[in-house]
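Below are the chains, spelled out letter by letter.
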Amino acid sequence: ARPPIPKMAAQQSHYDLFEQLELPQCECLNAAKDHTLRSALTPSDEGFLQSDADEELLISLRFMQAVRLSAIVVAGPAASAPSELRIFANPPAPLDFDSGRSNAPTQTLPLTPADVAREGRPVELRFVHFQVGSPAFH
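All of these numbers come straight from a predicted model, not from anything done at the bench. (Residues numbered from 1 in each chain as written. Predicted model: local features only at pLDDT ≥ 70, side-chain atom pairs only at ≥ 80, totals over all residues. Heavy atoms only, no water.)

Description of the overall build of the chain
Check the secondary structure of the chain and you find 2 helices and 9 strands. In sequence order, the secondary structure elements of the chain are arranged as β-α-β-β-β-β-α-β-β-β-β. Taking as baseline every contact in the chain between residues at least 6 positions apart, the subset at least 24 positions apart corresponds to 67%. When the accessible area of the chain is evaluated, it comes to approximately 8400 Å², of which 52% is carbon and sulfur surface. (Helix = DSSP H or I, 4+ residues; strand = E, 2+ residues; numbered from the N terminus. Contact = heavy atoms within 4.5 Å. Areas by Shrake-Rupley, 256 points an atom, 1.4 Å probe, with all protein chains shown as cover.)

Given below as structure tokens:
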């Protein structure tokens, strides 16, 4: 389920960008057939994303237009959540696992269990780097 995005500071609001996604262009490598990216992005209390092989996933999103990402919410059971998220703003080519490991990310986010609690909480990004059309997450 997509938890509601709480308001942060009075001058900086966060919005759910689900409506801005080009869903047919979004993909996740290594996703289990029963727990796909679409099930994780679709509003529901049942949906979540899970790897079919190991602990690694590679998510590529495409927005209808450039958006400014200032924070990200990763929500789910803390016991099975990622401890780190590598974010690539507008990678020049589609990422694969090798390039996701070898290329320098725009930002690496360490995630704590509190960051990934069932409701999740916004984790701030280096805002200046994230005016993006198609970010990738590894």
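Remarks on the pattern of salt bridges
For the structure shown, the criterion picks out 2 salt bridges. Taken together, the salt bridges that share partners define one network made up of Glu 56, Asp 98 and Arg 101. (Salt bridge = Lys/Arg side-chain N within 4 Å of Asp/Glu carboxyl O.)

Regarding the pairing of strand E5 (residues 84-88)
Burial analysis of E5 places 4 of its 5 residues in the buried class, the great majority of the element. Where E5 meets strand E6 (residues 107-110), 4 bridges bridge the pair, whose relative direction is antiparallel. Paired with Leu 85 across the bridge in E6 is Leu 109. Sheet analysis places E5 next to strand E9 (residues 136-137), joined by 2 bridges and oriented antiparallel. Its bridge partner lying in E9, Phe 88 is registered against Ala 136. (Buried < 20%, exposed > 50% of the residue type's maximum accessible area, 1.4 Å probe, protein only. Pairing = 2+ DSSP bridges.)

Brief notes about the sheet that holds E9
Spatially, 5 strands are ordered E1-E2-E9-E5-E6 in an open sheet, and the strand pairing comes out antiparallel. Only two strands of the sheet have a single neighbouring strand rather than two, namely strand E1 (27-29) and E6. As paired elements, strand E2 (residues 58-60) and E9 share 2 bridges and run antiparallel to each other. Following the sheet pairing, Ser 60 is matched in E9 by Ala 136.

Points about the environment of Ser 39
Among the secondary structure elements, Ser 39 is positioned in helix H1 (residues 37-41). By relative accessible area, which is 22% here, Ser 39 ends up partly exposed. Along the sequence, Ser 39 and Leu 49 sit 10 residues apart, while their C-alpha atoms lie 6.9 Å from each other. With sequence-adjacent residues up to four places away left out, Ser 39 is seen in contact with Gly 47 and Phe 48. At 2.7 Å, the side chain of Ser 39 forms a polar contact with the backbone oxygen of Thr 36. (Polar contact = N/O pair within 3.5 Å; in protein donor to acceptor, adjacent residues only side chain to side chain.)

Some thoughts on unusual backbone geometry
Unusually for a residue other than glycine, Asn 30 sits at a positive phi of about 85°. As for its position among the elements, Asn 30 is in the loop between E1 and H1. With a phi close to 50°, Asn 90 is a non-glycine residue in the positive phi region. Inspection of the secondary structure assignment puts Asn 90 in the loop between E5 and helix H2 (97-102).

Some remarks on the confidence of the model for the chain
In the predicted model, the chain carries a mean pLDDT of 81, and the fraction of residues at 70 or more is 85%. Throughout residues 1-11 the model reports pLDDT below 50, and contacts reaching past four residues in sequence, or to other chains, amount to 24 contacts. (pLDDT = per-residue confidence, 0-100.)

Points about the environment of Arg 68
For Arg 68, the location among the structural elements is in strand E3 (residues 67-68). Residues Arg 68 and Gly 133 lie 65 residues apart in sequence; the distance between their C-alpha atoms is 8.9 Å. With residues up to four places along the chain from it excluded, the contact list for Arg 68 reads Phe 127, Phe 130 and Gln 131. For Arg 68, the side chain forms a polar contact with the side chain of Gln 131, separated by 3.2 Å.

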